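Structural description and commentary
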Amino acid sequence: MSLSSPGVHLFYHSRWQDTRALDELCWGLEEQGVPCRTVCCDENDCALALSKLAAKSSTLRVGLGLNATGDIALTHAQLPEDRALIRGHIAAGMAQIRTLGANAGQLVKVLPFSEIT
């Protein structure tokens, strides 16, 4: 049994430590009222693999991964290992990054995803 507080886990490459991109993902979750736990993880540089590790470590079973090149993946622990629900990239802009974070919160709350334009 896990005693950690529930939240979506976000595993990210150290390149993004203390950046606005990381903040935007967390703020999107916060807008949905869902806590976010960030974990720096340089052991894997695949956004999908990072998101899967994050989802498996989260009591909510939802994870985000942000790799060194700026790829972002949102997934659920029950999805196949090779599948993300949503993928994005830092280059898409801060509004889209925040929406991706919000979508992670909406997944937890079983709400439809917001469109990423």
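Residues numbered from 1 in each chain as written. Predicted model: local features only at pLDDT ≥ 70, side-chain atom pairs only at ≥ 80, totals over all residues. Heavy atoms only, no water.

If you check an unreviewed UniProt entry, the protein appears there as Glycerol dehydratase reactivase beta/small subunit family protein from Citrobacter youngae.

1. So, the overall build of the protein
Scanning the protein from N- to C-terminus turns up three helices and five strands. For the protein, the sequential pattern of α-helices and β-strands runs β-α-β-α-β-β-β-α. Over its C-alpha trace the protein gives a radius of gyration of 12 Å, about what one expects of a compact globule, namely 13 Å for 117 residues. Counting only C-alpha atoms, the protein reaches 40 × 30 × 25 Å along its principal axes. Burial status across the protein gives 46% buried among its 117 residues. Within the protein, residue pairs in contact and separated by at least 24 positions form 59% of the contacts whose partners lie at least 6 positions apart. For the protein, the exposed area adds up to about 6,000 Å²; of that, 52% sits on carbon and sulfur atoms. Of the side-chain charges in the protein, 10 are positive and 12 negative, and the distance between the mean point of each set is 6 Å. (Helix = DSSP H or I, 4+ residues; strand = E, 2+ residues; numbered from the N terminus. Rg over C-alpha atoms; globule rule 2.2 N^0.38 Å. Buried < 20%, exposed > 50% of the residue type's maximum accessible area, 1.4 Å probe, protein only. Contact = heavy atoms within 4.5 Å. Areas by Shrake-Rupley, 256 points an atom, 1.4 Å probe, with all protein chains shown as cover. Lys, Arg positive; Asp, Glu negative; His and termini not counted. Charge placed at Lys NZ, Arg CZ, Asp CG, Glu CD.)

2. A word on the pattern of salt bridges
Tallied over the full model, the rule gives four salt bridges. Arg 20 serves as the salt-bridge partner of Glu 24, at 2.9 Å between the closest nitrogen and oxygen. Residue Glu 24 and its partner Arg 20 are located together in helix H1 (residues 20-31), separated by four residues, close to a single helical turn. On the basis of relative accessible area, Glu 24 is assigned to the buried category, the value being 2%. The closest approach of N and O atoms between Lys 56 and Glu 81, which form a salt bridge, is 2.6 Å. (Salt bridge = Lys/Arg side-chain N within 4 Å of Asp/Glu carboxyl O.)

3. Let's talk about the side chain of His 76
Tracing the backbone shows His 76 in strand E4 (residues 71-76). Given the relative accessible area of 18%, His 76 is considered buried. Polar contacts involving the side chain of His 76 include one to the main-chain amide nitrogen of Gln 78, which spans 3.0 Å. (Polar contact = N/O pair within 3.5 Å; in protein donor to acceptor, adjacent residues only side chain to side chain.)

4. Digging into the packing of H1 against helix H3 (residues 94-108)
For the pair H1 and H3, the least separation of the axes is 6 Å and the interaxial angle reads 40 degrees. Comparing their axes, H3 and H1 come out oblique. As H1 packs across H3, the resulting crossing turns out to be right-handed. When H1 is examined against H3, the residues Arg 20, Ala 21, Glu 24, Leu 25, Trp 27, Gly 28, Leu 29 and Glu 31 are found in contact with a partner set consisting of Met 94, Ile 97, Arg 98, Leu 100, Gly 101, Ala 102, Ala 104 and Gly 105. Residue composition of the contact of H1 with H3, grouped by class: nine nonpolar, three polar and four charged. (Axes fitted to C-alpha atoms, helices over the stretch in contact; angles between N-to-C directions. Parallel < 35°, antiparallel > 145°, perpendicular 65-115°, else oblique. Left-handed = near helix turned anticlockwise from the far one by under 90°. Nonpolar A, V, L, I, M, F, W, Y, C, P; charged D, E, K, R; others polar.)

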